[in-house]
Amino acid sequence: MSRTHNIDKLSGFLGPWRKTFQWLSTLLILLLPWFQPGGKSLLRIDVPTLSLHLFGQVLRIEELFLFLLFCLAFSIAFLLITLLSGRVWCGWACPQTTWNDLAEWFARVMKLEVRHNRLKGAVWRKTVVQLFYLFLAALVAANLIWYFIEPRRFFTNLFSGELPFGIWLTLLCLMLTIFLDLSFIRRLMCKEFCPYGRIQTALVDEATLTLQMPESEKERCIECCSCIASCPMEIDIRQGLQVECINCGRCLDACRKVMRSYQQPGLIRYTLGIDDLPIKSLFNPRSITLLLAFLVINFVLFFSIFTRTDASLKIAVSHTAESRILKSGKQATFFNAWINNRGTHAAIYQLSARTLTSDKVELKGQTDQLDMSAGQNRKVDFVLVSPPAREPFVVEFVLLDQKEQQLAVAEALISPVRD
């Protein structure tokens, strides 16, 4: 007996593993916005402050390159997973597949027939199912909103009637889109509209994980058609590799169940490519290149995040107040500063100034005891008093913590006062 048959005899059904993975990933997506260690969301885009909460780190818009690195690493990981495992993402992890499975499961619980992507049965049963779809759409839409608004604040504003109109509109649009998807589209999204299935055909290689009935097994097929009946995409796995296949493994389980009654191994199985290549074939130039790129980008990302300073400082000459000469003969230049506490704890800062020459400068305004919460971005207006500038000179502004340790430095140019 062949190596593949021996493995197949030892293998069980994949359905319980797939369902467990789907439930765990769904719970993670639902509950992730609720976890706030240290008062900070694990993953949330905060629109008012233009910042990204990413697993304890708060990245502001000026650190967008870090978010771009994160997106690039995620994209490369997705390409690598596709190269190695084909459309396993579609069948095991895609949210569209998960809520399609849930929608069709509930329809069958209500004794409706799910055939050709349509529900057949009594009208009252269809009505109950549609109400369930509406509830599911509301939950999914709210869950998406939670990644922009903290869930507790979302529900507080929702029940108090203080939810902004824009959020209401977004919520209703998402609900309507998801409801229409669950009611009318479902598997057609994967079969006809989703671009990933088409893109995937350009990403696979000869060693990509493939769900198939090998040619050598077709002569043992008893034509029970259980593989076709179990396929959510309604394709015939016996016809060879098809772009609509989502690698969910339902046909594999159905075939194993039937063939076990004949004391035979299943005919359908996962193989590395059409030719069932050995495991070492996964290590090819394409996969190694993507893996190295993924590791390098992640190293740069984590190094940049964990070596960045705890605070940032930006300085600009005020556009609303012009420099002037005071009665004392000194020059007053008006500035705006933006200070960002990047840390995970509240901090108190102070701002000082120095020149590259021996000229003494002084700051007027609230530049001491700047109390800021974690992740806060604060604008500070102040005046720099300096000797009158005969020609432009550079001033360095220094942000210090309570221990007078230097956290950030910004430069500005002091120009002569115009007559």
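Look a little higher up for the structure.
Residues numbered from 1 in each chain as written. Predicted model: local features only at pLDDT ≥ 70, side-chain atom pairs only at ≥ 80, totals over all residues. Heavy atoms only, no water.

## A closer look at helix α6 (residues 123–146)
In this model, α6 (24 residues) spans 35 Å end to end at C-alpha, consistent with the 34 Å of a helix rising 1.5 Å per residue. Turning to α6, its buried residues are Val129, Phe132, Tyr133, Leu136, Ala137, Val140, Ala141, Ala142, Asn143, Ile145 and Trp146. If you follow the buried residues of α6, they end up packed against α2 (15–31), β1 (43–46), α5 (95–109), β5 (118–120), α7 (151–160) and α8 (165–185). (Helix = DSSP H or I, 4+ residues; strand = E, 2+ residues; numbered from the N terminus. Expected span 1.5 Å × (residues − 1). Buried < 20%, exposed > 50% of the residue type's maximum accessible area, 1.4 Å probe, protein only. Contact = heavy atoms within 4.5 Å.)

## Focus: the packing of aromatic side chains
Applying the stated criterion across every chain yields a total of 16 aromatic pairs. Between phenylalanine 78 and tyrosine 196, the ring centres sit 5.1 Å apart and the planes meet at 50°, which makes this aromatic pair tilted. One end of the pair, phenylalanine 78, is in helix α3 (residues 64–85); the other, tyrosine 196, is in helix α10 (residues 195–203), with 118 residues separating them in the sequence. For phenylalanine 78, a relative accessible area of 22% corresponds to the partly exposed category. Three or more aromatic residues joined by ring pairs form one cluster here, namely Trp34, Trp146, Phe154, Phe155 and Phe159. Here the basic side chain of arginine 260 rests over the ring of phenylalanine 13, its NZ or CZ set 5.0 Å away from the ring centre. (Phe/Tyr/Trp six-rings, centres within 6.5 Å; stacked < 30°, edge-to-face > 60°. Lys NZ or Arg CZ within 6 Å of the ring centre and 35° of its normal.)

## Observations regarding the side chain of arginine 44
Along the polypeptide, arginine 44 turns up in strand β1. Judged by its relative accessible area of 5%, arginine 44 falls in the buried class. Beyond its immediate sequence surroundings of up to four residues, arginine 44 is in contact with Ser51, Leu52, His53, Trp146, Tyr147, Phe148, Ile149 and Glu150.

## Quick word on unusual backbone geometry
Phi is positive for glutamate 223, which is not a glycine, with a value near 60°. Mapping glutamate 223 onto the fold places it in the loop between β6 (209–212) and α11 (226–230). For glutamate 223, a relative accessible area of 53% puts it in the exposed group. Its identity is not glycine, yet asparagine 247 carries a phi of approximately 60°, on the positive side. Turning to its location among the elements, asparagine 247 is positioned in the loop between α11 and α12 (250–260). Judged by relative accessible area, asparagine 247 falls into the buried class, the value being 6%.

## Some remarks on empty space enclosed by the protein
Applying the stated rule across the entire model yields 2 cavities of 30 Å³ or more. By volume, the largest cavity amounts to about 100 Å³. Lining the largest cavity are 16 residues, with Cys231, Ile235, Cys245, Cys248 and Cys251 positioned closest to its centre. Taken together, the residues of the lining of the largest cavity sort by class into 11 nonpolar, 2 polar and 3 charged. The computed volume of the second largest cavity comes to approximately 70 Å³. Around the second largest cavity sit Met213, Cys221, Ile222, Cys224, Cys225, Ser226, Cys227, Cys255, Met259, Leu267 and Ile268, which together line it. (1 Å grid on protein atoms, 1.4 Å probe; cavity = no way out; pocket = protein on both sides within 12 Å on 5 of 7 lines; lining within 4 Å. Points joined across faces, edges and corners; volume = space filled by probe spheres on them. Nonpolar A, V, L, I, M, F, W, Y, C, P; charged D, E, K, R; others polar.)

## Considering α5
Across its 15 residues, α5 extends 21 Å between first and last C-alpha, which sits within 8% of the 21 Å expected from 1.5 Å per residue. Gln96, Thr97, Thr98, Trp99, Asn100, Asp101, Ala103, Glu104, Phe106 and Ala107 are the residues of α5 that are buried.

## A word on the pairing of strand β11 (residues 347–355)
Sheet analysis places β11 next to strand β13 (residues 370–372), joined by 3 bridges and oriented antiparallel. Among the inter-strand pairings, alanine 347 is bridged to a residue of β13, identified as methionine 372. As paired strands, β11 and strand β15 (residues 393–400) are joined by 6 bridges and run antiparallel to one another. Looking at the pairing, glutamine 350 lines up with leucine 400 of β15. (Pairing = 2+ DSSP bridges.)

## Quick look at the sheet that holds strand β16 (residues 406–414)
Adjacent strands of a sheet form backbone hydrogen bonds with each other and so pair up, either parallel or antiparallel. The strand order β13-β11-β15-β16 describes an open sheet built from 4 strands, whose pairing is antiparallel. Looking at strand neighbours, the two that pair on one side only are β13 and β16, the edges of this open sheet. When the angles between neighbouring strand axes are averaged without regard to direction, this sheet yields 30°. (Axes fitted to C-alpha atoms, helices over the stretch in contact; angles between N-to-C directions.)

## Things to note about the nonpolar core
Of all hydrophobic cores here, the largest spans 26 residues; its most connected members are Ala107, Leu119, Val129, Tyr133, Phe154, Leu171 and Leu182. At the level of elements, α5, α6 and α8 are the ones that each hand at least two residues to this core. It is α6 that contributes the most residues to this core, 10 residues altogether. Ignoring sequence-local partners within four residues, the contact set of alanine 107 consists of Leu112, Val114, Leu119, Val129 and Tyr133. Ranked by size, the runner-up nonpolar core spans 25 residues in total, among them Ala311, Leu370, Leu407 and Ala410. (Core = buried A, V, L, I, M, F, W, Y, C linked by side-chain atoms within 4.5 Å.)

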